[in-house]
Amino acid sequence: MKSKPLLIVIAGPTASGKTAAAINLANHYNTEIISADSRQLYNEMTIGTAKPTSDELSEAPHHFINHISIHQKYDVGIYRNEVLAKLQKLFEKNAEVIMCGGTGLYIRAICEGIDDFPEIEKSTKEFVRTNFDQNGIEWLQNQLKELDNEYFNIVDVKNPYRLIRALEVCIQTQQPYSTFKNQNKKQEQFFDSIKIGLQMPREILYDRINKRVDLMINNGLEQEARNLYPYKHLQALQTVGYAEWFDYFDGKQTKEKAIDLIKQNSRHYAKRQVTWFNKESNLKWMDSSNLIEIEGYIESLRK
C-alpha cells in the first residue's frame, strides 16, 4: 500500500531560527515551503513581520508570503482551504513539503482541521462591542480572563479582534471558548505530518528577539509603520511591531517607550507561542541549532 506524502512542520516561537531550518530541510528534500505565519501573509507588512529576506526566499520556493493585502478579508478557514489546495498540487511532484511558522492556529487547522463554533447572535455581538468601545481593551482582557483563563494565557491579549471573538463564544454558549478549540476533532487528511518545535534557552531567545527588533529599527520599521498609520484600524495591523508605533504617533508614548514595548511584547508573544505549542499533539521539541539531528529524527519516524 502506497504511503501518504509527508508534511514536515517546523514550528516554534518568534526568532527561534525557523526560516533557516525550513530552508535547510527544503533543500535536503528538494521541495517547497508553506508559510504558517499569519502576519507574513500581507504584502504591506515586511520589516515588522520579519519576513525572509530576498536571498532566503531565493534559496527555496515559498508560498503564502506576500500572499494578500491588508485590505482583504482573510481568516483561518480561507487559509486552510487555500493551503490544502496548494498541498494537493505540491504532493503531485514532492513526497515531502515543509510548513514553517509560528501561528499555532494555522498549523492546527492544516494538520487537524478546524473546530466548529456556534453562530453568534446579533445582541451578543453588540453587547461585547459596546463594552469594548466604552471601556477599552482592558475590559475584554479582564472578561476573558474570568470566563476562560486557559485561552487567556495563550491568546494575543493585545489583539482586540481575537479577544472579542472568544468573548462572544463564551457569553453566547456560557462555556469557555477553549472547550470548543479543544474538541480535537481529527480530520482525515491525504498526507501524514511530523511536527517539530524549535527551542533554545530562554535568555538566548529573548536576546535574539531584542537584537531582531534593533535590526528592524535600523532597517526602517518606523517609516514602514508611518506608511501604514492611515490603516491602523485594520485587523491585520492590530499586532506587535505596529500598534506600539501607532500609539507613539498619536502622542500616547515616547519613541523610546514604543521601542521598549515592541521588545517586551515580542517576548510575551514568544512565551504565548511556546505555551500553545506545548499543548500541541505529537510535537517534538528539538535544538534549533542541530539541523542534522532534526533530519535524523524525521527519517527515524519514516522507517
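None of these values were measured; they are calculated from a predicted model.

## Observations regarding the packing of aromatic side chains
The tally for this structure, following the rule as stated, stands at 12 aromatic pairs. Geometrically, the ring pair formed by Phe-127 and Trp-139 is edge-to-face, given 6.0 Å between the ring centres and 75° between the ring planes. Note that Phe-127 is positioned in helix H5 (residues 122-135) and Trp-139 in helix H6 (residues 137-147), a separation of 12 residues in sequence. A relative accessible area of 42% places Phe-127 in the partly exposed class. Measuring from ring centre to ring centre gives 6.1 Å for Trp-245 and Phe-249, while their planes differ by 25°; the resulting arrangement is stacked.

## Points about the nonpolar core
Leu-7, Ile-34, Tyr-79, Leu-87, Met-99, Ile-110 and Leu-144 are the most contacted members of the largest nonpolar core, which totals 63 residues. Among all residues touching Tyr-79, those that are not within four sequence positions of it are Ile-34, Ser-35, Ala-36, Phe-64, Tyr-74, Met-99, Tyr-106 and Ile-110. Core analysis: the next-biggest nonpolar cluster, separate from the first, contains 20 residues, Ile-10, Ile-98, Leu-198 and Ile-294 among them.

## Quick notes on the layout of surface pockets
Put simply, the largest pocket is a space of about 1,500 Å³. In terms of lining residues, the largest pocket is bounded by 48 residues, among which Asp-75, Val-76, Leu-105, Arg-162 and Gln-235 are the most central. Where the lining of the largest pocket is concerned, the elements lending two or more residues are helix H3 (76-90), helix H4 (104-112), H5, helix H8 (160-173), helix H9 (177-181) and helix H13 (255-278). For the lining of the largest pocket, the class distribution of residues is 22 nonpolar, 12 polar and 14 charged. Size it by volume and the second largest pocket reaches roughly 890 Å³. Lining the second largest pocket are 40 residues, and of these Gln-40, Thr-49, Ala-50, Lys-51 and Arg-212 sit closest to its centre. Secondary structure elements with two or more residues in the lining of the second largest pocket: helix H1 (18-29), strand S2 (33-35), helix H10 (202-218) and H13. For the lining of the second largest pocket, the element with the highest residue contribution is H10, accounting for six residues.

## Notes on the environment of Lys-257
On the secondary structure map, Lys-257 appears in helix H13. A sequence separation of 13 residues divides Lys-257 from Glu-244, and the C-alpha atoms of the two residues are 8.5 Å apart.

## What to know about the sheet that holds strand S5 (residues 192-199)
Think of a sheet as strands paired side by side through backbone hydrogen bonds, with each pair either parallel or antiparallel. Across the sheet, six strands lie side by side as S3-S2-S4-S1-S5-S6; this open sheet has parallel pairing. Looking along the sheet, the strands with just one partner apiece sit at the ends: strand S3 (62-63) and strand S6 (283-287). The sheet contact formed by S2 and strand S4 (residues 96-100) spans three bridges and is parallel. Bridged to Ile-34 within S4 is Met-99. Contacts from H4 reach strand S1 (6-11), S4 and S5 within the one sheet, and its direction differs from that of S1 by about 165°.

About the thresholds
- Residues numbered from 1 in each chain as written.
- Predicted model: local features only at pLDDT ≥ 70, side-chain atom pairs only at ≥ 80, totals over all residues.
- Heavy atoms only, no water.
- Phe/Tyr/Trp six-rings, centres within 6.5 Å; stacked < 30°, edge-to-face > 60°.
- Helix = DSSP H or I, 4+ residues; strand = E, 2+ residues; numbered from the N terminus.
- Buried < 20%, exposed > 50% of the residue type's maximum accessible area, 1.4 Å probe, protein only.
- Core = buried A, V, L, I, M, F, W, Y, C linked by side-chain atoms within 4.5 Å.
- Contact = heavy atoms within 4.5 Å.
- 1 Å grid on protein atoms, 1.4 Å probe; cavity = no way out; pocket = protein on both sides within 12 Å on 5 of 7 lines; lining within 4 Å.
- Points joined across faces, edges and corners; volume = space filled by probe spheres on them.
- Nonpolar A, V, L, I, M, F, W, Y, C, P; charged D, E, K, R; others polar.
- Pairing = 2+ DSSP bridges.
- Axes fitted to C-alpha atoms, helices over the stretch in contact; angles between N-to-C directions.

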